[in-house]
Amino acid sequence: MTNDLILRVQDLQTHFFTRTGVVKAVDGISFELHRGETLGIVGESGSGKSMTAWSILGMVPHPGRIVGGSIHYLGENLLDKSKGEMQDIRERRNFKASVQAVFQDPWSSLNPRMRVDQIISEPLVTHRSLSRAEVRSQVQELLQVVGLHPFHAERYPHEFSGGQRQRIAIARALSTRPKLIVLDEPVSALDVSIRAQILNLLKELQSTYNLSYLLIAHNLATVRYMSHTVGVMYLGKIVEESPPAELFTNAQHPYTRALISASLPAHPRQRREEIVLAGEVPSPLNPPGGCTFHPRCPFVMERCSVDIPLLKAYSSGHMTACHLYEDGVPVAG
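Residues numbered from 1 in each chain as written. Predicted model: local features only at pLDDT ≥ 70, side-chain atom pairs only at ≥ 80, totals over all residues. Heavy atoms only, no water.

Where an unreviewed UniProt entry is consulted, the chain appears under the name Oligopeptide transport ATP-binding protein AppF, with the organism given as Geodia barretti. Taken verbatim from the UniProt record of the chain, the Sequence similarities (unreviewed entry) comment is "Belongs to the ABC transporter superfamily." (UniProt positions renumbered as here; feature names shortened; annotations may be inferred.)

This is how it looks when you write it as structure tokens:
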């Protein structure tokens, strides 16, 4: 599988430096993503999942910055790159393949003053030696690939529905022939009736082009449907990682269990364990010591407030960061 490795993140730390203190938005996370697979990262607002995406894209907003770790894409550490070099990578200039992104709100990610053909062809025109006819042909092909028509090329973003605009954003991402696409809440701003269409399109494109996706989402159903592996984040850390079938039937971390308990069941008659967490998510400016989840955990033990749990194997392919388990064995208490 080594040759299929697209992305390796090791001990990534992204902090924000404010007048009142340091916010550890991403606090030492590690994961791998292979060719043609999807890693879904899920968690509540403020868990650090979107900042993980921004870190990989080299677009951490001020006053944040990456303070530690590494991000290896196709074998090269992106943290060694300058801002200009990161822009080159996003636009496939002087690099093996680009990293692209599809964001939550397609309206804000598309220039309203540009026609669709200009939006999609911008990276082609700027960075590849193609004739006007070749550019036009590729734009029409990309529109058809994402389920739109060639005549849509002459229109502006405001003439499309939200789902159609997201298809345009996907076509633009595909224009640079990326190997990795970061999907940051790609369907959460869309009507429920449209979400399945976009998710199915993304899966079809992944199969056709052997794409790798880093999927950021708060909706568990989206992550379960799309992902080959799911990472659950809480206050900047990954607390559980597993294939979705295992995670949703045999979640081990109390936080993961609570997330699943609070989500809508797949079937109205499906019964679930009801878990009500105490208190609120702690402030990232002053997180609890030890396990940051311990003030809300129904199974808290004395050591939880002191010792930081490490992400360890619970079973094959299933990792958990919880003192309830030591080397895959449940601890009584």
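**Observations regarding unusual backbone geometry**
Glycine aside, a negative phi is what most residues show, and trans is what most peptide bonds show. A cis amide bond links H62 with the next residue in sequence, P63, at an omega value of 10°. With a phi angle near 55°, R177 is a residue other than glycine that sits in the positive phi range. By secondary structure assignment, the location of R177 is in the loop between α6 (162-174) and β7 (180-184). (Helix = DSSP H or I, 4+ residues; strand = E, 2+ residues; numbered from the N terminus.)

**Things to note about the sheet that holds strand β6 (residues 99-102)**
A sheet is described by the order of its strands in space; here 8 strands give the open sequence β6-β7-β8-β3-β9-β10-β12-β11, paired in mixed fashion. The open sheet is flanked by β6 and β11 (312-315), the only strands paired with a single partner. Adjacent strand axes in the sheet meet at a mean angle of 25° when their direction is disregarded. Pairing geometry for β7 and strand β8 (residues 212-217), over 5 bridges, is parallel. Paired with V182 across the two strands is L214, which belongs to β8. (Pairing = 2+ DSSP bridges. Axes fitted to C-alpha atoms, helices over the stretch in contact; angles between N-to-C directions.)

**Examining the pairing of strand β2 (residues 21-34)**
Bridge count for strand β1 (residues 5-18) against β2 is 11 bridges, and the pairing is antiparallel. Paired with V9 across the strands is F31, a residue of β2. The antiparallel pairing of β1 with β2 creates a hairpin that spans 2 residues between the two strands.

**Some words on the sheet that holds β2**
Taken in spatial order, the 4 strands line up as β2-β1-β4-β5 in an open sheet, and their pairing is antiparallel. Whereas interior strands pair on both sides, the edge strands pair on one side only; in this sheet they are β2 and β5 (76-77).

**Side note on the pattern of salt bridges**
Tallied over the full model, the rule gives 9 salt bridges. Linking R115 and D117 is a salt bridge whose minimum nitrogen-to-oxygen distance equals 3.3 Å. You can call R115 partly exposed: its relative accessible area is 25%. Accessibility expressed as a relative area gives 17% for D117, which makes it buried. Notably, a salt bridge pairs D307 with R303, separated by 3.6 Å at the nearest N-O pair. What makes R303 partly exposed here is its relative accessible area of 34%. Each of R115, D117 and E154 takes part in one network of salt bridges that share partners. (Salt bridge = Lys/Arg side-chain N within 4 Å of Asp/Glu carboxyl O. Buried < 20%, exposed > 50% of the residue type's maximum accessible area, 1.4 Å probe, protein only.)

**Some points on the pairing of β6**
Covered by surrounding structure in β6 are V99 and A101 together with Q100 and V102, the residues of both alternating faces. Here β6 runs beside β7; their pairing, made up of 4 bridges, is parallel. Residue pairing in the sheet places A101 in a bridge with V182 of β7.

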